[in-house]
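Okay, here's what each chain looks like letter by letter:
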Amino acid sequence: MSFGETPITIVGNLTGDPELKFTEGGAALAKFTIASTPRSFDKDSGQWKDGTTTFFRCAAWRTLAEHVADSLAKGTRVVATGRIRQHDWQTPEGENRSMLAVEVDEIGASLRFVNLTIRKDDGNRSTSAPGPDAWASAGPASQGSPEAPEAPF
């Protein structure tokens, strides 16, 4: 991140499947939107209340873009960090337009409400399989077995 950039971390849900495209130079680009809705507990009613949803248009580049497209789908709860970017353009009618978007540097599924198994990327997108990494297996440790081996750290 460069000096003066505006960092941001977003927790929310994907509103649709990421769109994977490639530039003329061959760089992968994934575009997606994250919806983030604040929630608070109302003591008077004894219920949770949703605030106003904010929609963040996001972009990820290169290998990260391919991993996003392969791994995430509509509805996935994610935690994303990146930088806010302003995009300016002019319409065919000559009107100036601008929008803010997030250029994502890191993104992953949130584990707050789900369990998942991590698998290593072997560099071959079409046949990627779990690697020998202890965290990549779904062995006894993930099932809460008393015989489960100690975590590798």
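Coordinates for the structure precede this section.
These numbers were taken from a predicted model, which means no experiment stands behind them.

**Some details on the pattern of salt bridges**
For step 1, the next point in the chain: All told, the structure shown has eight salt bridges when counted by the stated rule.
For step 2, the next point in the chain: Between Glu 5 and Arg 83 there is a salt bridge; the shortest N-O distance is 3.6 Å. A residue pair is termed long-range when its members are at least 10 positions apart, and Glu 5 in the segment before β1 (6–14) and Arg 83 in strand β7 (residues 77–90) qualify at 78 residues.
For step 3, the next point in the chain: Its relative accessible area of 19% is what places Glu 5 among the buried residues.
For step 4, the next point in the chain: Taking the relative accessible area as the measure of exposure, Arg 83 reaches 12% and is therefore buried.

**Here we look at the pairing of strand β3 (residues 28–36)**
For step 1, the next point in the chain: For β3, the buried fraction is high: seven of the nine residues fall into the buried class.
For step 2, the next point in the chain: Examined bridge by bridge, β1 and β3 share two bridges and lie antiparallel to one another. Looking across to β3, one finds that Leu 14 is bridged to Ile 34.
For step 3, the next point in the chain: With four bridges connecting them, strand β2 (residues 19–22) and β3 associate as antiparallel partners. Residue pairing across strands places Phe 22 opposite Ala 28, the latter belonging to β3.
For step 4, the next point in the chain: Bridge count for β3 against strand β6 (residues 54–61) is eight bridges, and the pairing is antiparallel. Among the inter-strand pairings, Ala 30 is bridged to a residue of β6, identified as Ala 60.

**Quick look at a nonpolar patch on the surface**
For step 1, the next point in the chain: Residues Leu 111, Phe 113, Val 114, Leu 116 and Ile 118 make up a contiguous nonpolar surface patch of about 520 Å² in total accessible area.
For step 2, the next point in the chain: Its place among the elements puts Leu 111 in the segment after β8 (96–109).
For step 3, the next point in the chain: Given a relative accessible area of 57%, Leu 111 falls into the exposed group.

**Considering the packing of aromatic side chains**
For step 1, the next point in the chain: Across all of its chains, the model carries one aromatic pair by this definition.
For step 2, the next point in the chain: Here Phe 41 and Trp 48 contribute two aromatic rings whose centre-to-centre distance is 5.4 Å and whose plane-to-plane angle is 70 degrees, an arrangement assigned as edge-to-face.
For step 3, the next point in the chain: On the basis of relative accessible area, Trp 48 is assigned to the exposed category, the value being 52%.

**Observations regarding helix α1 (residues 62–71)**
For step 1, the next point in the chain: Of all the positions in α1, only Ala 65, Glu 66 and Val 68 are classed as buried. Projected onto a plane normal to the axis of α1, the buried residues spread over an arc of 160 degrees and lie on a single side.
For step 2, the next point in the chain: As for α1, its buried residues are in contact with β2, β3, β6 and β8.

Each value, and the rule that gives it
Residues numbered from 1 in each chain as written. Predicted model: local features only at pLDDT ≥ 70, side-chain atom pairs only at ≥ 80, totals over all residues. Heavy atoms only, no water. Salt bridge = Lys/Arg side-chain N within 4 Å of Asp/Glu carboxyl O. Helix = DSSP H or I, 4+ residues; strand = E, 2+ residues; numbered from the N terminus. Buried < 20%, exposed > 50% of the residue type's maximum accessible area, 1.4 Å probe, protein only. Pairing = 2+ DSSP bridges. Patch = residues over 30% accessible without salt bridge, like charges linked within 9 Å, V, L, I, M, F, W, Y side chains within 5 Å. Areas by Shrake-Rupley, 256 points an atom, 1.4 Å probe, with all protein chains shown as cover. Phe/Tyr/Trp six-rings, centres within 6.5 Å; stacked < 30°, edge-to-face > 60°. Arc of directions from axis to C-beta. Contact = heavy atoms within 4.5 Å.

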